[in-house]
There are 2 protein chains.
Amino acid sequence: MIDRLMARIEALNCPVVVGLDPTIEMIPEKMLAECTKSFGETPEAAAFSLLKFNRQVIDAVADIVPAVKPQIAMYERYGLDGIRAYIMTVEYAMGRGLIVIGDVKRGDIGSTARAYAAHICPQPLFGHKFEIWNEDAITVNPYMGGDSITPFLDVLKERDKMIFALVKTSNPGSADIQDLTVEAERGEEGVPLYERVAALVAGWGAGEGLTGERGYSKVGAVAGATHPEAGARLRALMPHTFFLVPGYGAQGAGAADVAKFFDADGRGCLVNSSRGIIAAWQKENKGAGHVGRCAREAAIRMRDEITAALGA
Amino acid sequence: MIDRLMARIEALNCPVVVGLDPTIEMIPEKMLAECTKSFGETPEAAAFSLLKFNRQVIDAVADIVPAVKPQIAMYERYGLDGIRAYIMTVEYAMGRGLIVIGDVKRGDIGSTARAYAAHICPQPLFGHKFEIWNEDAITVNPYMGGDSITPFLDVLKERDKMIFALVKTSNPGSADIQDLTVEAERGEEGVPLYERVAALVAGWGAGEGLTGERGYSKVGAVAGATHPEAGARLRALMPHTFFLVPGYGAQGAGAADVAKFFDADGRGCLVNSSRGIIAAWQKENKGAGHVGRCAREAAIRMRDEITAALGA
């Protein structure tokens, strides 16, 4: 997956991932009305409207961006119907040739993490194997430590998949825990916790069979664009770790900020924007027919801003 | 929820929560055969067998334990069918009068956490409100900080629900991050990270409208029974925080260990056992008819061990 992802970014000259985090408020009235006509005023209608909306976005960006990142919470909120819309979004995006990063942020003790690994590996049942979720990659939460990550590493050694572990997240509250100063070993200065987490994540990703042909690991890291100084530091600390960088646009970061997360060759990083792209149609507010066009224009603008900032 | 939970624990004199974390390997052959007969050799059959199994356990323990804790990963691994089995397990347990703690360990930025809050609050849609998940409580991961927790606190202020935030987890790998020494403020000694997280969690739980009539907060903490020394320390640091304590039995902790997590009155704590109770039938291996009886016997044994250790 890491080589496939990097090749696709290079081919398109576009390190942009579109976050598929729709809310019901983002759905054009006409599209929502079609869904309630079919399914009534129900969670099923809401969930189906998210899928319908995603399809328009996906169709509009599939030839210009390498990947999409559906945020499972936006679907999970509608229960079974929502989860169905999530799975169908994943399938639809893959069918359009996109790489799909499931933003699930799962994390639990080893035996439980093996169950969550179903997101990226088939489940053995009755002598068969069933691909249940089938994302190309997922995000994971590392707070529970190495043995909560090992089951995912075991999968990555066998399969063309990736994980992205949270290191320094884009939200203001990330400071509460991630920025706490951890005492140094061997008389060095104390460092923020996220740097220690970074070292752990880099270590997990350095295991045998986890590095791709271009020198980057299948174990990536989530690092928020809203903390550019942390980005520069993490890039130096984790030379073989690919970054998934949320926080562009709606959360406040710009192209100069995210440039710090790339390596000297302008690689090693995928920048996410969700609302800034998928809700772009609301700025013009011309209705359901313009969701795709506006998303495409916003994605192109973002691509051009970032490639310009990278001097590419 | 916190008062309801404490009242129920007292009425039953039983601070035990049964972890509903079944795997396909735990399902008696005959039960599994019935499911494959109805649904074929499919994930649907696997998921339904988990539900069927859970019903036997729930029926057998509903009058002796206050709560059950289904681990969503065990269901999520089977996709939509699995999620349906999870939701039906929650409903079934509630119908039998049990309090249900959804072990989902979710955590994300504020806008996303609001979506995850659907687990404990109804979703507004088309002018109606839909109860989608309806657990009594869920577990949450605090790594992303205060603003990732706020949306849950907003729900707790309005509703009879709880959350349990991870502080010190039961797995060996919890040391990797949670035990890192964080520099102290004002010239004090450095403390393990989990103590700082404990202080944050206690602070979140001290907000207006979050404390129950018995002095405990609706914001609980997860603290692993496998770290009894941490338990004693956390009990002292967090006098108003109710503990959800995993790690009993299969993970290695005993009654003397968990006693340290209770307050001086023998309250403030709920101890989880999963495999030790639900897979107890496999020790006798007499088959499908004995799942419930063995679970009940194991739960009673655990209850008696803990109440004896508490000197109750």
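Just so it is clear, the structure is predicted and the values come from calculations on it, not from any experiment.

Q: Explain the pattern of salt bridges to me, please; I cannot follow it from the model alone.
A: Pairing between side chains of opposite charge can happen when their charged atoms approach one another. This structure, assessed with the given rule, holds 42 salt bridges over all chains. Of the charged contacts in the structure, one is a salt bridge between A:Glu297 and A:Arg293, with a shortest N-O distance of 3.1 Å. Linking A:Glu297 with A:Arg293, this pair stays in helix H14 (residues 291-309), spanning 4 residues, or about one helical turn. The exposure class assigned to A:Arg293 is partly exposed, which follows from its relative accessible area of 32%. A salt bridge links B:Asp59 to B:Arg96, with the nearest nitrogen and oxygen atoms 2.6 Å apart. With B:Asp59 in helix H3 (residues 43-61) and B:Arg96 in the loop between helix H5 (79-95) and strand E3 (99-106), the pair connects residues that are 37 residues apart, well separated along the chain. When its relative accessible area of 33% is taken as the criterion, B:Asp59 is described as partly exposed.

Q: Hey, could you run me through the pairing of strand E2 (residues 67-70) of chain A in this one?
A: All names here are of chain A. Because side chains alternate across E2, one face comprises the buried residues Ala67 and Lys69, and the other comprises Val68 and Pro70, equally buried. Of the strand pairs in this sheet, strand E1 (residues 16-20) and E2 are connected by 4 bridges, and their pairing is parallel. Along E2, the bridge assignment pairs valine 17 with alanine 67. Pairing analysis gives 2 bridges linking E2 to strand E3 (residues 99-106), with the strands arranged parallel. Paired with alanine 67 across the two strands is isoleucine 99, which belongs to E3.

Q: Which parts of the structure should I look at to understand the pairing of strand E1 (residues 16-20) of chain B?
A: For a regular strand, side-chain orientation follows a simple rule: the groups alternate between the two sheet faces. All names here are of chain B. Counting buried positions along E1 yields 5 of 5 residues, so the element is predominantly enclosed. Of the two faces of E1, the one carrying Val16, Val18 and Leu20 and the one carrying Val17 and Gly19 are both buried. Both E1 and strand E12 (residues 269-273) contribute to a ladder of 3 bridges, which runs parallel. Note that in E12 the partner of valine 17 across the bridge is asparagine 272.

Q: Explain the sheet that holds strand E7 (residues 162-168) of chain A to me, please; I cannot follow it from the model alone.
A: Strand pairing within a sheet occurs via backbone hydrogen bonds; the two strands may be parallel or antiparallel. Residues and elements named next belong to chain A. Taken in spatial order, the 8 strands line up as E1-E2-E3-E6-E7-E10-E11-E12 and close into a barrel, and their pairing is parallel. The sheet shows a mean angle of 30 degrees between the axes of neighbouring strands, direction not considered. Each of E7 and strand E10 (219-223) touches helix H9 (residues 193-205); the most contacted strand, E7, lies at about 165 degrees to it.

How each quantity is defined
Residues numbered from 1 in each chain as written. Chains lettered and ligands numbered in written order. Predicted model: local features only at pLDDT ≥ 70, side-chain atom pairs only at ≥ 80, totals over all residues. Heavy atoms only, no water. Salt bridge = Lys/Arg side-chain N within 4 Å of Asp/Glu carboxyl O. Helix = DSSP H or I, 4+ residues; strand = E, 2+ residues; numbered from the N terminus. Buried < 20%, exposed > 50% of the residue type's maximum accessible area, 1.4 Å probe, protein only. Pairing = 2+ DSSP bridges. Axes fitted to C-alpha atoms, helices over the stretch in contact; angles between N-to-C directions. Contact = heavy atoms within 4.5 Å.

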